[in-house]
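# Fold and contact review
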Amino acid sequence: MHTFYSRAALIPALFFALTLSAQQTQGMNMPSQPNSTADDMAGMSSMQAPKTLIAAELQHTSSGTTVEPLSTPMSMWMGHRAGWQLMLHGNAFLSDTQQHAANARGGDKLFSTNWIMPMAIHRLGRGQLTLRTMLDLEPATITGREYPELFQQGETAYGKPIIDGQHPHDAIMELAALYDLHTSEHTLLSLYAAPIGDPAIGPTAYPHRESASEDPIAALGHHQEDSTHIAFNVFTTGLTYKWARIEASGFHGAEPDEARWHFQPSPNGLAIDSYSTRLTLTPTRNLTAQYSIAHITSPEALSPTDNQRRQTASVMLNRPIGAHHDTTSMPGMDMSTPANGNWSTTLLWGQTLTLPTFPTRTHTEENSYLLESLIQFHTRNFVWTRIESADRTSELLGISPETTLGHVQAYSFGYDRQYHIAPHLLAAPGAQFTLYRTPNSLAPTYGRTPLAGVAFLRFRIAP
């Protein structure tokens, strides 16, 4: 259990993050500024929904080169300066979690997960140049190098495996340049280069996924599904034709170490030693699907001789709620009513197969399955669920060599209500509860049905 003092120590850091976000958005786009233009005022409205896969890619509003369904809403500030289109969006959660299982497993903690993403777009030659970064303060707002999350595994804290906890993200989550070139009316060639970035593996990572946007806790299957969303020396080439895209990436496979504030080479350097490919299909405005496969060299710091093969497949569905079209009032006119809600759903499978080079070690296969669904209704209300079934290994019990013990099920349900508290800043108080179901191999340690809850205050940049 932590003390009041450790909780209070987080408040100044979080306040600084939120103040910085608000100052940036207000300072860049307040109409009273002498440098403001008509373009700046137009940028205060939300980005128009793209009508094609190529248009969605050119917006680059997600992590790496991922895309969500074309109808997915996006809350951000927009403006123009000297020929550059500027965008800024971000999230911050202030959360207090309580995790309860048998034998003193779990814990409670006050912490903040957060990120902010500035982006600038400009024409360059015959194509479009996009510069983007993603920053956070989680190394300061998650003390002890982890926050409690029952059954979660992956990465290290103080040189030991993290068990029943989730690590903070690096302060620099992405630093990337993208160049897009139309080779024909329906064909787009895309190039992505990032010292820190997101290779072509999996769907949009959970911190940036619409269906997970109100959930402050990491997905249990994160390390089988989308943990490569922060990788070093990423280079991706993509070719899009109408509603289909194929991509290939080269990148450094080792996961980030515990030096969260700065660049830090892994024990085997920063060479491009891993590769992936991804097929993305967007047949309608409300649906996108992807399949990806990757070979990842030495991702785990404590198992440097083990490589991985990772596969993911996902379907993402999105449907605006409340929008309708009225063509009866005047012939030829479509008096459309904008949506006052939205329904976003993700179905995701991830598999990690360990490929050890040590001859006496057996292969370890871990599968995870996820269903997320988020409904926004009456504009300000959000309800969601996340249902998971994820393989867990003997690392949870401190047993080596690591073997798969069975699937843990997690059932999460949450609600929050959003308020406009300042120019370009939204806030939503909310809560989420999770019920776990353990396999026989873990029941003596955790109990059969551990429980977890989190109360939070979520902040978001608004148009």
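These numbers come from a predicted model, not from an experiment.

This part covers the overall build of the protein. Within the protein, the regular secondary structure consists of seven helices and 22 strands. The buried share among the 463 residues of the protein stands at 54%. Counting contacts in the protein only where the partners sit at least 6 residues apart, residues at least 24 apart contribute 65% of the total. Summed over all atoms, the accessible surface of the protein reaches about 19,400 Å², with 65% contributed by carbon and sulfur.

Let us look at the side chain of Gln311. Mapping Gln311 onto the fold places it in strand β13 (residues 306-321). Residue class for Gln311 comes out buried when judged on its relative accessible area of 13%. Only 2.6 Å separates the side chain of Gln311 from the side chain of Tyr291, close enough to count as a polar contact. Sequence-distant contacts of Gln311, that is, excluding residues within four places in its chain, are made with Gln224, Tyr291, Ser292, Ile293, Trp349, Gly350 and Gln351.

What follows concerns the nonpolar core. Counting eleven residues, the largest nonpolar core is built from Leu150, Phe151, Leu220, Ala390, Leu396, Val408, Ala410, Tyr436, Leu442, Tyr446 and Ala452. Elements supplying a minimum of two residues to this core: β5 (147-157) and β19 (404-417). When near neighbours in sequence (up to four residues on either side) are disregarded, Ala410 contacts Leu220, Arg386, Ile387, Glu388, Thr434, Leu435 and Tyr436. By size, the runner-up hydrophobic cluster in this structure holds ten residues, among which are Ala176, Ala194, Val234 and Ala294.

Turning next to unusual backbone geometry. With omega at 0°, the peptide bond leading from Ser400 into Pro401 counts as cis. Mapping Pro401 onto the fold places it in the loop between β18 (381-393) and β19. The backbone phi angle of His60 is positive, close to 50°, even though this residue is not glycine. Secondary-structure assignment places His60 in the loop between α4 (53-59) and β1 (77-81). For Glu155, which is not glycine, the phi dihedral falls at a positive 65°. Structurally, the position occupied by Glu155 is in strand β5.

Across the protein, pLDDT averages 88, with 86% of residues at or above 70. Here residues 1-46 scores under 50 on pLDDT; set against residues more than four positions off or in separate chains, the count is 74 contacts.

Evaluation of the coordinates by the stated rule reveals 14 salt bridges. Note that Arg105 is salt-bridged to Asp164, the shortest N-O span being 2.9 Å. Of this pair, Arg105 sits in the loop between β2 (84-100) and β3 (106-124) while Asp164 sits in strand β6 (residues 160-166), and the two are 59 residues apart along the sequence. On the accessibility criterion, Asp164 (9% relative accessible area) is buried. Here Arg458 ties to Glu214 by a salt bridge, and the two come within 2.8 Å at their closest N and O atoms. Here Glu214 lies in the loop between β8 (187-197) and α6 (222-225) and Arg458 lies in strand β22 (residues 451-461), a separation of 244 residues in the sequence. Judged by relative accessible area, Glu214 falls into the buried class, the value being 1%. The network of salt bridges with common partners includes Arg209, Asp215, Asp226, Glu372 and Arg386.

Looking now at the pairing of β19. Two elements, β18 and β19, share 13 bridges in a ladder whose sense is antiparallel. Looking at β19, one finds that Ala390 is bridged to Val408. By the bridge criterion, eight bridges tie β19 to strand β21 (residues 425-437) in an arrangement that is antiparallel. Within β21, the position partnered with Phe413 by the bridge is Phe433.

To continue, consider the packing of aromatic side chains. Applying the stated rule across the entire model yields five aromatic pairs. Judged by centre distance (5.5 Å) and plane angle (70°), the ring pair of Phe93 and Phe456 falls under edge-to-face. In this pair, Phe93 is assigned in strand β2 and Phe456 in strand β22, connecting sequence segments 363 residues apart. Like Phe456, Phe93 is buried. Ring geometry for Phe151 and Tyr436: centres 5.2 Å apart, planes at 55°, overall tilted. Linking Phe151 in strand β5 with Tyr436 in strand β21, this pair joins segments that are 285 residues apart in sequence. A single burial state applies to Phe151 and to Tyr436, both of which are buried. Sitting over the face of the ring of Phe382, Arg458 holds its NZ or CZ atom 5.7 Å from the ring centroid.

Every other side chain in a regular strand lies on the same face of the sheet, so the side chains alternate between the two faces. Counting buried positions over the eleven residues of β22 gives eight, a clear majority of the element. In this structure, β2 lies alongside β22, joined through ten bridges in antiparallel fashion. Each bridged residue has a counterpart across the sheet, and for Asn91 the counterpart in β22 is Arg460. One ladder, built from eleven bridges, connects β21 with β22; its direction is antiparallel. Within the sheet, the bridge partner assigned to Leu426 lies in β22 and is Arg460.

By the secondary structure assignment, His208 is in the loop between β8 and α6. What makes His208 buried here is its relative accessible area of 11%. The residues contacting His208, other than those within four sequence positions of it, are Ser63, Glu68, Trp115, Met134 and Met173.

Moving on, we come to the environment of Pro463. Its location among the elements puts Pro463 in the segment after β22. The exposure class assigned to Pro463 is partly exposed, which follows from its relative accessible area of 26%. A C-alpha to C-alpha distance of 9.9 Å links Pro463 and Gly79, two positions 384 residues apart in sequence.

We now examine a nonpolar patch on the surface. On the surface, a nonpolar cluster with roughly 270 Å² of combined accessible area is contributed by Val315, Leu317, Leu347 and Leu371. Here Leu371 lies in strand β17 (residues 364-377).

The rules we used
Residues numbered from 1 in each chain as written. Predicted model: local features only at pLDDT ≥ 70, side-chain atom pairs only at ≥ 80, totals over all residues. Heavy atoms only, no water. Helix = DSSP H or I, 4+ residues; strand = E, 2+ residues; numbered from the N terminus. Buried < 20%, exposed > 50% of the residue type's maximum accessible area, 1.4 Å probe, protein only. Contact = heavy atoms within 4.5 Å. Areas by Shrake-Rupley, 256 points an atom, 1.4 Å probe, with all protein chains shown as cover. Polar contact = N/O pair within 3.5 Å; in protein donor to acceptor, adjacent residues only side chain to side chain. Core = buried A, V, L, I, M, F, W, Y, C linked by side-chain atoms within 4.5 Å. pLDDT = per-residue confidence, 0-100. Salt bridge = Lys/Arg side-chain N within 4 Å of Asp/Glu carboxyl O. Pairing = 2+ DSSP bridges. Phe/Tyr/Trp six-rings, centres within 6.5 Å; stacked < 30°, edge-to-face > 60°. Lys NZ or Arg CZ within 6 Å of the ring centre and 35° of its normal. Patch = residues over 30% accessible without salt bridge, like charges linked within 9 Å, V, L, I, M, F, W, Y side chains within 5 Å.

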